[in-house]
Amino acid sequence: MIDLEEADPVAPGPGEVEIRIRRAAINPSDLIPVTGAYRSRTTLPFVPGFEGVGEITALGTGATGLSIGQRVLPIGASGLWQQRLVRPAAWCFAVPDDLSDDQAAMAYVNPLTAFRLIDAVQAHFGTAGNRRVGVTAAASAIGRMLLVLLAKAGFHPVALVRSAATAERLAETFTGEIALAAAPDLDAVLDAVGGEAGNTLFRQIRAGGAFIQYGALSGTQLDPALVAERRDAVAFSFLWLRNWVHAASRADIEGAFALSFAGIRAGVLGSAIDGVYPLSQLAAALDRQDDPARTGKLLLAP
């Protein structure tokens, strides 16, 4: 269960900043702890929200490189579904003035995950060679990003969708290959779904290929026996953006954000917005998140 609660404000300590959250995104990864899936790792009270943008309102002693009134992306931990947040300055990254709050609030999770996935498939094959790479949930915000980035990297992207209606909508902006559920002769799959659909795709990948999973929208993982059975033919890996973020240098993260900001400006890494909800309407926002008719990302405006 998730609900709104009042909490006493906390002053920033040494090396910390206080941030007034201006926009926070709702992502599937935000909702996984709410389901109780990570009970052993979740300490209550728990505030969801891994992605968003805010304005610095106070500086703790020793917090350098930032200023009051500056907009930043606070990353590295959850907690953005609230009005104010205290976060180490080292985990705050400046936002360019030419990006709106809405754009900045979606500049982290999907773009940086997409970059890591492209890096992973390039590392596996060495050279793109027009290899066929399937993208599940291809009409999603990150799915559309992956289709663009794969083509730019020299791969042949194959958009995998689950309905003719979705395929028709995607075809309005994507002129490449679109397939329902599965496609023949795939060299690799970038998968956000898992479950039986993922199992089917895993069986179809050519020997020497790769299956890179970064989500489980179906609610279930791949069949471990199937993964073990094809281990020598297909490389399987699961990508968590968090692992990269906590291992990367600040310079590397800043470089990734620079690419994200540039892609948003160019119109290739932006995400459509279905609606912006005040925090007081969180329940309505979460209902809309589950609505099949939703046409884009949802943002909270605390």
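For the structure itself, consult the block above.
Residues numbered from 1 in each chain as written. Predicted model: local features only at pLDDT ≥ 70, side-chain atom pairs only at ≥ 80, totals over all residues. Heavy atoms only, no water.

Asks: Which parts of the structure should I look at to understand the packing of helix α3 (residues 109-125) against helix α9 (residues 250-266)?
Replies: When two helices pack together, you describe them by how their axes are tilted relative to each other and by the distance separating the axes. α9 packs onto α3 with a crossing angle of 110° between their chain directions and a minimal axis gap of 9 Å. Taken together, the axis directions place α3 and α9 in an arrangement best described as roughly perpendicular. From α3, Pro 111, Leu 112, Phe 115 and Arg 116 reach across to α9, where they touch Ala 256, Phe 257, Leu 259 and Ser 260. Considered class by class, the residues forming the contact of α3 with α9 number six nonpolar, one polar and one charged. (Axes fitted to C-alpha atoms, helices over the stretch in contact; angles between N-to-C directions. Helix = DSSP H or I, 4+ residues; strand = E, 2+ residues; numbered from the N terminus. Parallel < 35°, antiparallel > 145°, perpendicular 65-115°, else oblique. Contact = heavy atoms within 4.5 Å. Nonpolar A, V, L, I, M, F, W, Y, C, P; charged D, E, K, R; others polar.)

Asks: Is there a simple way to think about the packing of aromatic side chains in this case?
Replies: Aromatic ring pairs are described here by two measures, namely the spacing of the ring centres and the angle between the planes. A full pass over the atoms with the stated rule returns eight aromatic pairs. Centre to centre, the rings of Phe 125 and Phe 155 are 6.4 Å apart; their planes meet at 55°, and the pair counts as tilted. Pair noted here: Phe 125 is in helix α3 and Phe 155 is in the loop between α4 (141-152) and β7 (156-161), with a separation of 30 residues, a long-range link. With a centroid separation of 5.3 Å and 55° between ring planes, the pair formed by Phe 202 and Phe 211 is classed as tilted. Taken as a pair, Phe 202 and Phe 211 share a single burial class, namely buried. Members of the aromatic cluster, each reached through a chain of ring pairs, are Phe 93, Tyr 108, Phe 257 and Phe 261. For Arg 116, the ring lying beneath its charged end belongs to Trp 244, and the centroid distance is 4.1 Å. (Phe/Tyr/Trp six-rings, centres within 6.5 Å; stacked < 30°, edge-to-face > 60°. Buried < 20%, exposed > 50% of the residue type's maximum accessible area, 1.4 Å probe, protein only. Lys NZ or Arg CZ within 6 Å of the ring centre and 35° of its normal.)

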